[in-house]
Each structure stands twice: as C-alpha cells, then as structure tokens.
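What follows is each chain in one-letter form.
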Amino acid sequence: YTGHNPEKAKDPTVSPVMASDDVLKKFPPVIFLNAQCDPLEEEGSAFAERLTKLGVSVNRKVIPNTVHVFAQYPDIFPEAKEAVDFIKDALAKAK
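All of these numbers come straight from a predicted model, not from anything done at the bench.

Some points on the packing of aromatic side chains
And then number 1: Summed over the entire model, instances satisfying the criterion amount to 2 aromatic pairs.
And then number 2: Seen in terms of ring centroids, Phe32 and Phe47 are 5.8 Å apart; in terms of plane orientation they differ by 85°. Their pairing is edge-to-face. With Phe32 in strand 1 (residues 30–35) and Phe47 in helix 2 (residues 41–53), this residue pair connects regions lying 15 residues apart in the sequence.
And then number 3: By relative accessible area, which is 12% here, Phe32 ends up buried.
And then number 4: Under the relative-accessibility criterion, Phe47 is labelled buried at 10%.
And then number 5: Between Phe70 and Phe77 the ring centres are 6.3 Å apart and the planes differ by 80°, which places this aromatic pair in the edge-to-face class. The pair formed by Phe70 and Phe77 is uniform in burial state, with each residue classed as buried.

Shown next, in the form of structure tokens:
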C-alpha cells in the first residue's frame, strides 16, 4: 500500500505506529486482533503495549495457531469464528 516508497511507511497517517506519543494518547479505545504466526504480531504487540502505557484503552487478543489474514478464510481456519466473535463482543462493549 506504500508502493516502493519507504518514506510513505514513516507517515503516521499510513502507519499509526509512527505517530508521536502526543497524538497516540488521544486515540479512542483500540481493538487489536493478531494471528499468532503473523509476521506483524510482534509489531502489533509492541504497539498495543505502547498505547496502554499512554493510557489508551486496549482490548487485544492473539488467536493461537493462525496466520496473517486467517479471519478472511473461515472455510480453512475454524478460528475465524473466534476472531469475529471477539470483534463483535468488543464493539458491543464499546457502545
């Protein structure tokens, strides 16, 4: 989504992890859903921890034995239902 321009990846409007703490501490509550075997899981974990330290409410779940985009393939990954249920419940509680 950034093409071949590495500078775009540093833009906080493209990658919120690049935002300053002053911006991040104003974030609304955040829902994180990570696959255990996702190459982005460590980055997601670190970002969730950073937000928590800044006082942002974080609701995070790591689904075991899954890979990136698993929730898009419920016929292959039965864990997709758990992911959808987690998001549905988190959004219901956020109302």
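Structure shown, so let's carry the discussion forward.
Remarks on helix 2
And then number 1: Counted at 1.5 Å a residue, the expected span for helix 2 with its 13 residues is 18 Å, and the 18 Å between its end C-alpha atoms agrees.
And then number 2: Those residues of helix 2 that sit buried are Glu41, Gly44, Phe47, Ala48 and Leu51. Buried positions in helix 2, seen along its axis, are confined to an arc of 125° and lie on one side of it. Residues Glu42 and Lys53 are exposed on helix 2 and point more than 90 degrees away from its buried face.
And then number 3: In this structure, the buried residues of helix 2 make contact with helix 1 (21–24), strand 1 and strand 2 (58–63).
And then number 4: Of the residues flanking the end of helix 2, it is Gly55, one or two places downstream, whose phi is positive at about 90°.

Thresholds applied
Residues numbered from 1 in each chain as written. Predicted model: local features only at pLDDT ≥ 70, side-chain atom pairs only at ≥ 80, totals over all residues. Heavy atoms only, no water. Phe/Tyr/Trp six-rings, centres within 6.5 Å; stacked < 30°, edge-to-face > 60°. Helix = DSSP H or I, 4+ residues; strand = E, 2+ residues; numbered from the N terminus. Buried < 20%, exposed > 50% of the residue type's maximum accessible area, 1.4 Å probe, protein only. Expected span 1.5 Å × (residues − 1). Arc of directions from axis to C-beta. Contact = heavy atoms within 4.5 Å.

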